[in-house]
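Summary of the model geometry
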Amino acid sequence: MNRRLSTILAADVVGYSTRMREDEVDTINRVTLLNELIGTVASTHNGRVFNRAGDGFLLEFSSPVAAVRCAYNLQLQLAAPVTKREIGLEIRVGVHLADVVVDGDDLLGDGVNVASRIESEAEPGTVLVSNAVFDHAKRSAQLKFENKGTRKLKNISEPITVYAVAGELGTHSCGTALIEDSSLPYVAELQKSTNSIVVLPFKNMSNDPEQEYFSDGLTEDIITELSRFPDILTISRNTSFGLKGVAADARELGQKLGVRFCLEGGVRKLGNRIRINAYLTDAVSGEQLWAERADCNLVDLFDFQDDLVAKIVASVAGQIERQMEATAQRKRPGDLEAYECLIRGLYYHRIGGVTKENAQEAVHWFDEALKRDPGYGRVHAWRACAVATVAEWTGEDVWDELVEAGNLAVELDETDAESHRIAGSLALYVRDFERAKFHFNRALELNPNHAFIVGRTGELHNFLGDGKTALEYQKRAKMLDPFLPEYCRELEAIAYYVMHDFEACFNTVDEFARLTRRAAAYRTAAATHLNNDCKLERAVRDLLLHDPDFRPSTFIQTEYFKDREISKRLKAELRSAMATTSLRLAG
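This is a predicted model, so every value here is computed, not measured. (Residues numbered from 1 in each chain as written. Predicted model: local features only at pLDDT ≥ 70, side-chain atom pairs only at ≥ 80, totals over all residues. Heavy atoms only, no water.)

What follows covers the overall build of the chain. Broken down by element type, the chain carries 25 helices and 14 strands. At 25 Å, the chain has a C-alpha radius of gyration in line with the 25 Å of a compact globule built from 587 residues. The buried share of the chain, reckoned over its 587 residues, is 58%. The contacts of the chain with a sequence gap of at least 6 include a subset with a gap of at least 24, amounting to 68%. Accessible surface, the chain: about 24800 Å² in total, of which carbon and sulfur atoms supply 47%. Across the chain, the mean location of the 70 positive side-chain charges is 1 Å away from that of the 88 negative side-chain charges. (Helix = DSSP H or I, 4+ residues; strand = E, 2+ residues; numbered from the N terminus. Rg over C-alpha atoms; globule rule 2.2 N^0.38 Å. Buried < 20%, exposed > 50% of the residue type's maximum accessible area, 1.4 Å probe, protein only. Contact = heavy atoms within 4.5 Å. Areas by Shrake-Rupley, 256 points an atom, 1.4 Å probe, with all protein chains shown as cover. Lys, Arg positive; Asp, Glu negative; His and termini not counted. Charge placed at Lys NZ, Arg CZ, Asp CG, Glu CD.)

This is the structure we're talking about:
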């Protein structure tokens, strides 16, 4: 008997029996169309339909992320006006990760039954996932989830905690690359720097999964410190943390990411005692260049980090003196417990957009850090981000608090790049373009290889009307982040729009692995210049798929162009596109 670990997606049609009684032929025809749609959407996420009976569908995926993205996109498609008219069916979806029995092309076992039971708990038109799926998908699926509590499922012995998919995650500076497959796709750029390195997430070697925050915090600190060196191309944390769970050795990483070096390691923390193992590998030859092991107290952690970064820099670029200069810029916390609270807060902030509880937990830990060290500027900066994330869930007006925190963070630690990035963003929101430019440039001086800062600086130049410079920043960000997230792909599309290269804007958005609302809006505006009715209708259809209530006047309020004429033109093009297409579709 063969078994394997799989993610199972179960779906069924709402009100199927009633529909069959009322109009059997029409219902069969609609289910046939639904079957075709499910097969098409599943194949784009590397999934397959392995069983169906009447109104029920069972699908298999090797990746929980792929399964959840497929389920979410399927519900979006079915809610779209055109699909509603053609298919007109609602479905419930349940997703579960479990060990299953393989019977030819079919799958059997308790895991399949649990997926079906979860599906029966879902509301019409929604996706419900098990805690097992949520734990794997929360970092990378780029979706929001709502905790629906623990359910006692029919004929299932143990209660299961379930989560409902609540929508797109949106832009987040702590985002993780969206890698749906369990293998690593080829994304390397040609002629990538020989002084390039990827830091894989350090493994939590303790028996306590709660210690994951510490290994993640150490990894992020090393990436941040290495990013200070302009001569070393350090792959972004978005890509690094996206590689969790991907089976690839250093040579494969070198080939597919285009990097020369790979740093790996593990961390075990017991109280204030820490054991750290790290080793650097030549990603071309596969040869291990050196290994480092340390047993230290928490108080010695920063010294270990500095020594490790110095050794990496010496191996990669041979510039120890440059490392000493960069290290001297870092302001250490006055209280090491404050640092531990900070990295706990960052752990939850990374997934703060995923659930409201995570966002609130992040603020809690940042508050704890400030109780121990009120002058810790870096915490004030990250707390501002966390408060903004909570506000996305609650709808609170926190603007004054954010401005105060951003200014205080820079005042307390002028050498922190994230503080300047946040201060620059706040200045941009009030259209103080000179102050925004100052803070973004200072952030880049401090951390020239931080992909998110590079991308946000490019966005500033878009708003200044300089698409050519924005594209230069986008190119740099793409080198730093092989799995370039949508915040930077949007930058590229908008740059083409600003430059009046509407064909390039449209085609760039067409290449997105995950279409965002903002990108869909700019593609729609660009389509009004292409003299192609099919492209225009498709652009509007996709925009309304993501936001059925889209309003051009609301959208442009957060597009901070210095030249107001660009905003007026964008609004007029969006209104024209939607009005013209709506009339044509209605006819």
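Once you've had a look at it, read on.
Moving on, we get to the packing of helix H22 (residues 517–527) against helix H23 (residues 533–546). For the pair H22 and H23, the least separation of the axes is 9 Å and the interaxial angle reads 155°. As far as their axial angle goes, H23 and H22 are roughly antiparallel. When you trace H22 past H23, the crossing you get is left-handed. Counting all contacts with H22, which are made through Arg517, Ala520, Ala521, Arg523, Thr524 and Ala527, the residues of H23 involved are Lys535, Leu536, Arg538, Ala539, Val540, Asp542, Leu543 and His546. Its residues assigned to classes, the contact of H22 with H23 shows seven nonpolar, two polar and five charged. (Axes fitted to C-alpha atoms, helices over the stretch in contact; angles between N-to-C directions. Parallel < 35°, antiparallel > 145°, perpendicular 65-115°, else oblique. Left-handed = near helix turned anticlockwise from the far one by under 90°. Nonpolar A, V, L, I, M, F, W, Y, C, P; charged D, E, K, R; others polar.)

Of all hydrophobic cores here, the largest spans 67 residues; its most connected members are Val198, Tyr497, Tyr522, Phe555, Phe561 and Leu570. The element best represented in this core is helix H20 (residues 486–498), accounting for eight residues. If sequence neighbours within four positions are ignored, Tyr497 has contacts with Phe502, Cys505, Tyr522, Ala525, Ile566, Arg569, Leu570 and Glu573. Among the nonpolar cores identified, the runner-up in size contains 62 residues, and Ile274, Cys341, Tyr376 and Val398 belong to it. (Core = buried A, V, L, I, M, F, W, Y, C linked by side-chain atoms within 4.5 Å.)

Bringing unusual backbone geometry into the picture now. With a phi angle near 65°, Arg431 is a residue other than glycine that sits in the positive phi range. Residue placement: Arg431 occurs in the loop between helix H16 (417–429) and helix H17 (433–446). Judged by relative accessible area, which is 24%, Arg431 ranks as partly exposed. Backbone geometry at His500 places phi at a positive 65°, although glycine is not the residue there. You can see His500 is positioned in the loop between H20 and helix H21 (502–510).

So, on to the packing of aromatic side chains. Tallied over the full model, the rule gives 13 aromatic pairs. On the basis of an interplanar angle of 70° and a centroid distance of 5.7 Å, the ring pair of Tyr497 and Phe502 is categorised as edge-to-face. On the basis of relative accessible area, Tyr497 is assigned to the buried category, the value being 0%. Overall, Phe502 belongs to the buried group, its relative accessible area being 10%. (Phe/Tyr/Trp six-rings, centres within 6.5 Å; stacked < 30°, edge-to-face > 60°.)

In the structure shown here, the tally under the stated rule is 38 salt bridges. Where salt bridges share partners, they join Arg456, Glu459, Glu490, Arg518 and Glu559 into one cluster. (Salt bridge = Lys/Arg side-chain N within 4 Å of Asp/Glu carboxyl O.)

Here we take up the side chain of Asp221. Looking at the element boundaries, Asp221 is found in helix H7 (residues 212–226). A distance of 2.3 Å separates polar atoms of two side chains, one belonging to Asp221 and the other to Tyr339. Not counting the four nearest positions on each side in its chain, Asp221 is found in contact with Gln305, Tyr339 and Arg378. (Polar contact = N/O pair within 3.5 Å; in protein donor to acceptor, adjacent residues only side chain to side chain.)

Within a regular strand, the side chains alternate between the two sheet faces. For strand S4 (residues 91–103), the tally of buried residues reaches ten of 13 residues, placing the bulk of the element in the interior. Note that strand S1 (residues 2–13) and S4 share twelve bridges and pair antiparallel. When the bridges of S4 are listed, Ile8 appears paired with His96. Inspection of the sheet shows S4 paired to strand S6 (residues 127–130) by three bridges, in the parallel sense. By the bridge assignment, Val95 is partnered in S6 with Val129. Both S4 and strand S5 (residues 106–108) contribute to a ladder of three bridges, which runs antiparallel. (Pairing = 2+ DSSP bridges.)

Turning our eyes to something else, we now look at the pairing of strand S8 (residues 160–168). Direction of pairing for S6 relative to S8: antiparallel, over a ladder of three bridges. Its bridge partner being in S8, Ser130 is matched across the sheet by Val162. Bridge count for strand S7 (residues 143–151) against S8 is seven bridges, and the pairing is antiparallel. Bridge pairing in S8 places Lys144 opposite Gly167.

Before going further, it helps to examine helix H10 (residues 301–316). One turn of an α-helix holds 3.6 residues; hence residues three or four places apart share an orientation. Helix length check: H10, at 16 residues, gives a terminal C-alpha distance of 22 Å against a target of 22 Å (1.5 Å per residue), a fit within 8%. Turning to H10, its buried residues number three or more, namely Leu301, Phe302, Phe304, Gln305, Asp306, Leu308, Val309, Ala310, Ile312, Val313 and Val316. (Expected span 1.5 Å × (residues − 1).)

A few words now on the environment of Cys262. Assignment of secondary structure puts Cys262 in strand S12 (residues 261–270). Residues Cys262 and Arg372, 110 residues apart in the sequence, show an inter-C-alpha distance of 36 Å. Setting aside residues up to four positions removed in sequence, Cys262 forms contacts with Ile197, Val198, Leu200, Ala250, Leu253, Tyr279, Leu280 and Thr281.

Looking at the secondary structure, you find Ala539 in helix H23. In the structure, Ala539 is positioned 160 residues away from Val379 in sequence and 42 Å away in space, judged by C-alpha atoms. Not counting chain neighbours up to four residues away, the residues in contact with Ala539 comprise Phe506, Arg523, Thr524 and Ala527.

Worth remembering: the numbers are spatial, not functional.
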